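Coordinate inspection notes
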Amino acid sequence: MTDTNTATAASVPLAPRALPLLGHALPLLRDPLAFIMSLSEYREMVRVRLGPTTAMLICHPDLTRQVFLNDRVFDKGGPIYDRIREVIGDGLSTCPYPLHRRQRRLCQPSFHPTRLPGYGAVFARAAELKADSWRDGDVLDITQEMMTLTTRATMETMFSGSLPAETMRRALADTATIVSAFFRRMMTPALLRRVPTPQKRRYDHARNRLAATIAEIIAERRADPTDHADLLSTLVAAVDEESEDGQKQLSDTELADEALTFFLGGMETTAITLAWALHLLATNPDVQHRLRAETHQVLAGGKVDAAHLPSLDLAARVVTETLRLYPPAWMMTRAVRQDTELGGVRLKGGSTIVLSPYLLHRRPDLYPDPDRFDPDRWLGAQPDRATYIPFGAGARKCIGDQFALTEAVLALTAIVAHWELTPVGDQPFKPKVETSLSSRGLRLRLSERRPSGTDDAELHTATPQSTPSQPSTPPGAGACPVKH
């Protein structure tokens, strides 16, 4: 029986400034973060229009968690995932509920904790190579530099680093074209998305060429049964003994979808997180100074490797705080698969739900002084799973979160051990809002790190005492450890 006190979706307030046909597309395209934050006053939920589609934006952490935990009803879908499926098909991050459990079981061995040390060695080596390639006084496009770093690391963990340089260059260029087009395509009505503009032609060409590149790699790997000790070998060999339809292994199409999923997620989102972390350190020199002291103490003049992870406490907190301020997946959508109720509101099957980690992470009632970069807010504490959601939550939580956190902490340590970073100019740098909170165009100046005999003392006087981290588990990874 329906509760007579349950409201209809139509009774939920509609966000202001909606236009016919376009809905809230204009404010979302002009200044999406300001628009999203202007809706935090609604506390529970508010209706927004994404083109002709009306969606329910969830503003409360408890309701957000209900959506994440009930993935049977609140399934992957909506404008974001419709656009991502154009590129990666039904990979683990985009597939609907009926496909997800089997795919998760088949992909889980690739991210087993026992594989992290091997991945960590690749991450550390790639970061050291990148840091060694810079020169004193360089002014860098730091996002592009981090993209090349994470591309190298992702290629090696996925494909044993066996791809030709031209293939890597082409894959990187195609990925950049695709990612930059996602958000605008998400906001554009379907009819206009079919117009053959130059941007659409570039997008289609990049999408098709990247798919062909991955298909070629898989075909070569199928023809060579050698275990290359990489992520792709694990996916090819994975067997699901619980399969109910007799499909115990991934088909070529499924392999291609998963490879594209992990390639895009492993490369783009981690690169953006690293770029933002370096920007925050450059604009907060006191924290950068403390982190440099930590690297001096932990590395003792050597190179970073996975064995250092348990001791890199401040580096882990910097990454955790960066993901709070700039969660790569700043907005997510879900499709309601059947009539249901959420927060006292009846929702019809076919409705669209919008979730925003960016909005939750900057609520002052959840995070005091929320716009301030403060890694010490995580001293001795693990993030709350209801209010800190850069990787999502529930059964659909990002399978590669520990993979990403490990890479980010090791790379950040390698860079700060070698270099001091400072901003270029005095103008605040704003995110380029796409499907991710992009840092495209961010430039930082490098100064070679000068040896200091006082670093150890500075570490103890400048860094508050903290509860030791669990081995190999950066803050933010505790519950589970890419788009979400």
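Residues numbered from 1 in each chain as written. Predicted model: local features only at pLDDT ≥ 70, side-chain atom pairs only at ≥ 80, totals over all residues. Heavy atoms only, no water.

1. A look at the overall build of the protein
Each helix and strand in the protein was counted, giving 17 helices and 13 strands. In terms of C-alpha radius of gyration, the protein reaches 22 Å, essentially the compact-globule figure of 23 Å for 484 residues. Overall size of the protein, expressed as C-alpha extent along the three principal axes, is 70 × 55 × 45 Å. Scored against the burial criterion, the 484 residues of the protein give a buried share of 56%. Total accessible area on the protein stands at roughly 20,100 Å², and carbon and sulfur atoms take up 52% of it. Each charge class in the protein was averaged separately, 57 positive and 57 negative side chains, and the resulting centres sit 6 Å apart. (Helix = DSSP H or I, 4+ residues; strand = E, 2+ residues; numbered from the N terminus. Rg over C-alpha atoms; globule rule 2.2 N^0.38 Å. Buried < 20%, exposed > 50% of the residue type's maximum accessible area, 1.4 Å probe, protein only. Areas by Shrake-Rupley, 256 points an atom, 1.4 Å probe, with all protein chains shown as cover. Lys, Arg positive; Asp, Glu negative; His and termini not counted. Charge placed at Lys NZ, Arg CZ, Asp CG, Glu CD.)

2. As for the packing of helix H6 (residues 116-132) against helix H7 (residues 142-159)
Two elements in contact, H6 and H7, have axes whose closest approach is 9 Å; the angle formed by their N-to-C orientations is 145°. Helix-helix and strand crossings are classified by hand; for H6 and H7 the assignment is right-handed. Where H6 approaches H7, its residues Tyr119, Val122, Phe123, Arg125, Ala126, Ala127, Leu129 and Lys130 are matched on the opposing element by Glu145, Thr148, Leu149, Arg152, Ala153, Glu156 and Thr157. Of the residues assigned to the contact of H6 with H7, the class counts are eight nonpolar, two polar and five charged. (Axes fitted to C-alpha atoms, helices over the stretch in contact; angles between N-to-C directions. Left-handed = near helix turned anticlockwise from the far one by under 90°. Contact = heavy atoms within 4.5 Å. Nonpolar A, V, L, I, M, F, W, Y, C, P; charged D, E, K, R; others polar.)

3. Overview of the packing of helix H13 (residues 285-299) against helix H16 (residues 401-418)
It is at 9 Å that the axes of H13 and H16 come closest, and there the two elements cross at 100°. Overall, the two elements H13 and H16 adopt an arrangement that is roughly perpendicular. Here Gln288, Leu291, Arg292, Thr295 and Leu299 of H13 come into contact with H16, specifically with Leu412, Thr413, Val416 and Ala417. Here the residues of the contact of H13 with H16 are counted per class, giving five nonpolar, three polar and one charged. (Parallel < 35°, antiparallel > 145°, perpendicular 65-115°, else oblique.)

4. With respect to the nonpolar core
In terms of nonpolar packing, the biggest core is built from 140 residues, with Met146 and Ile353 touching the most fellow members. Sorting elements by how many residues they give to this core places helix H12 (residues 252-282) first, with 18 residues. If sequence neighbours within four positions are ignored, Met146 has contacts with Trp134, Ala271, Leu274, Ala275, Leu278 and Ile415. (Core = buried A, V, L, I, M, F, W, Y, C linked by side-chain atoms within 4.5 Å.)

5. What to know about helix H3 (residues 61-69)
For H3, every residue scored as buried is listed here: Pro61, Leu63, Thr64, Val67 and Phe68. An end-on view of H3 places all buried positions within 160° of arc, on one side of the element. (Arc of directions from axis to C-beta.)

6. Considerations on the sheet that holds strand S7 (residues 340-342)
Hydrogen bonds along the backbone pair up the strands of a sheet, which may run parallel or antiparallel. Taken together, the three strands give an open sheet; going across it, the order is S1-S8-S7, and neighbouring strands pair in mixed fashion. Either end of the sheet is taken by a strand with one partner, and the two such strands are strand S1 (7-8) and S7. With two bridges joining them, S1 and strand S8 (residues 345-347) adopt parallel strand pairing. In the sheet register, Ala7 faces S8, and the bridge partner there is Val345. (Pairing = 2+ DSSP bridges.)

7. Quick look at the sheet that holds strand S5 (residues 139-141)
Pairing within the open sheet is antiparallel, and its three strands lie in the order S5-S13-S10. Because the sheet does not close on itself, it has two edges, and the strands there are S5 and strand S10 (419-423). Neighbour-to-neighbour, the strand axes of the sheet open up by a mean angle of 40°, direction not taken into account. Pairing of S10 with strand S13 (residues 443-448) involves five bridges; the strand directions are antiparallel. Each residue of the ladder has a partner; that of Trp419, found in S13, is Glu448. Sheet strands touched by H16: S10 and S13. Its angle to S10, the strand with the most contacts, is close to 90°.

8. A look at the UniProt feature "binding site: heme" (unreviewed entry) in the protein
The positions UniProt marks with the feature "binding site: heme" (unreviewed entry) are Cys398. With respect to the element layout, Cys398 can be found in the loop between helix H15 (357-361) and H16. (UniProt positions renumbered as here; feature names shortened; annotations may be inferred.)

9. A few points about the pattern of salt bridges
Here the idea is simple: oppositely charged side chains can pair when their charged atoms come close. As enumerated under the stated definition, the model contains 27 salt bridges in all. For Arg125, the salt bridge is made with Glu156, and the minimal N-O distance between the two is 2.4 Å. One end of the pair, Arg125, is in helix H6; the other, Glu156, is in helix H7, and 31 residues separate them in sequence. According to the relative accessible area criterion, Arg125 is partly exposed, its value standing at 40%. Look at Glu156 and you get partly exposed, because its relative accessible area is 26%. (Salt bridge = Lys/Arg side-chain N within 4 Å of Asp/Glu carboxyl O.)

10. Digging into the layout of surface pockets
The computed volume of the largest pocket comes to approximately 540 Å³. Forming the boundary of the largest pocket are 27 residues, of which Pro32, Pro431, Lys432, Val433 and Glu434 lie nearest the centre. Counting residues per element, the ones that place at least two in the lining of the largest pocket are helix H1 (25-30), helix H2 (32-38), helix H8 (165-187), helix H10 (198-223), H12 and strand S11 (432-433). When residues in the lining of the largest pocket are grouped by element, the largest group, five residues, is from H8. (1 Å grid on protein atoms, 1.4 Å probe; cavity = no way out; pocket = protein on both sides within 12 Å on 5 of 7 lines; lining within 4 Å. Points joined across faces, edges and corners; volume = space filled by probe spheres on them.)

11. Quick notes on the pairing of strand S3 (residues 53-58)
Pairing geometry for strand S2 (residues 45-50) and S3, over six bridges, is antiparallel. Each bridged residue has a counterpart across the sheet, and for Val46 the counterpart in S3 is Leu57. Sheet topology places S3 next to strand S9 (residues 352-355); four bridges connect them, and they run parallel. Paired with Met56 across the bridge in S9 is Ile353.

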